Amino acid sequence: MHYNFTIEKIENFNLTHTFECGQCFRWKPNLDGSYTGIVGEGIYNIRMLEDSDLIIESSIPDSKEFFEKYIDNLTDYSTIKQLLLKSDKSMEKAVEYGYGMRILKQEPWETLASFIISANNNIPRIMKTVENIARAYGKQIEFKGKAYNLFPKPEELADARDEDLKCCGLGFRGKYIKRAAQMISSGEIDLEKIGNMDSTSARSELTKIQGVGPKVADCVLLYSYAKADVFPIDVWIKRIVETIYFGKEKKLHEMQEFARNKYGELAGFAQQYLFYYARENKIGC
DNA sequence: CCACAGGACGGCT
DNA sequence: AGCCGTCCTGTG
């Protein structure tokens, strides 16, 4: 059984640039240009028609409102782009390259776990590991004749056996995932409260979790809580910021400071355009 | 076979 | 406070 809905005449939205810009790990392209993804409690298939209508099939009913929030359809991207385009020539290129990119509003626990896994790791392997965990621990859903697995809740992972986690390909991150799941299911860390904090307090709360440093914390703030004043710096961002702005002489925290001053409340959007542009064009390698 | 890619931690200065 | 070796696994 599946349920259909449409979002008509959508603007500033591109499936590839949104789902393949490195912010999420559970969307896959199909041969016909549509994408299938696992989001929250549901499975979604999404395609865009020539006239910019979005056609969505979902495993759960009445999910249009939820899905519009998830794809950040209430944010005005033309204003964001307009402001960033004025910044400088490189940012202009990055914004134009990543047209239609949206910053998704993802579920905090799944985002936290996924970005703990991202440490010292690359995107294809992160996707594979997340899927392994879902298959081993998450609820299975049938959708259009195929089986999918939701990402498990913290409680479903809190007493996982170490050997089982090892089979998911987590490596040294296994213990971080397990401890994080325990901290959250016990209430020691409250992800809902963190969402109501300002970025600085939320970051220091998140970095209490082992395996969560500044980069992972900022990814959670940006991709789950829509806190766009953060600027997560990974190797790609480091390389492109060095290439564009100042060579090798800046430290990470100086780059952070620079970006927050330059882009302010739009730092997170700036980061996402730069990241996607740098990675797709292998800038700085 | 080895080199390399990719963030956080922890031990060292 | 800052630097750097180590953690794991897939790819070239």
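The text that follows walks through the structure, step by step, so that each part is easy to find. Since we're looking at a predicted model, the values are computed, not measured.

Turning our attention to the protein's contact with DNA strand B. Neighbouring DNA strand B are 17 residues, the closest being Asn-120, Gly-211, Val-216, Trp-236 and Arg-239. In the interface set of DNA strand B, defined as its atoms within 4 Å of the protein, sugar plus phosphate atoms amount to 60%. Note that a phosphate oxygen of DNA strand B is positioned 2.7 Å from one of the backbone N or O atoms of Val-216. Where the surface near DNA strand B is concerned, the elements lending two or more residues are α12 (214-223) and α13 (235-246). When residues in the surface near DNA strand B are grouped by element, the largest group, three residues, is from α13. For the surface near DNA strand B, the residue count by class is eight nonpolar, five polar and four charged.

To continue, consider the environment of Lys-153. Inspection of the secondary structure assignment puts Lys-153 in the loop between β7 (146-149) and α7 (154-157). Taking C-alpha positions, Lys-153 is 31 Å from Arg-279, a pair spaced 126 residues apart along the chain. Not counting residues up to four positions away in its chain, the partners in contact with Lys-153 are Glu-41 and Trp-109.

What follows covers the protein's contact with DNA strand C. Surrounding DNA strand C, one finds Asn-120, Arg-125, Gly-171, Phe-172 and Lys-251. Take the atoms of DNA strand C that sit within 4 Å of the protein: sugar and phosphate atoms are 76% of them.

Turning next to helix α11 (residues 199-206). The set of residues buried in α11 consists of Ser-199, Ala-202, Arg-203, Glu-205 and Leu-206. Angular distribution of buried residues about the axis of α11 spans 160°; they occupy a single face of the element. The N-cap of α11, judged by a side-chain oxygen 3.1 Å from the amide nitrogen of Thr-200 a few residues on, is Asp-198.

Scoring rules and cut-offs
Residues numbered from 1 in each chain as written. Chains lettered and ligands numbered in written order. Predicted model: local features only at pLDDT ≥ 70, side-chain atom pairs only at ≥ 80, totals over all residues. Heavy atoms only, no water. Near = heavy atom within 4 Å. Polar contact = N/O pair within 3.5 Å; in protein donor to acceptor, adjacent residues only side chain to side chain. Helix = DSSP H or I, 4+ residues; strand = E, 2+ residues; numbered from the N terminus. Nonpolar A, V, L, I, M, F, W, Y, C, P; charged D, E, K, R; others polar. Contact = heavy atoms within 4.5 Å. Buried < 20%, exposed > 50% of the residue type's maximum accessible area, 1.4 Å probe, protein only. Arc of directions from axis to C-beta.

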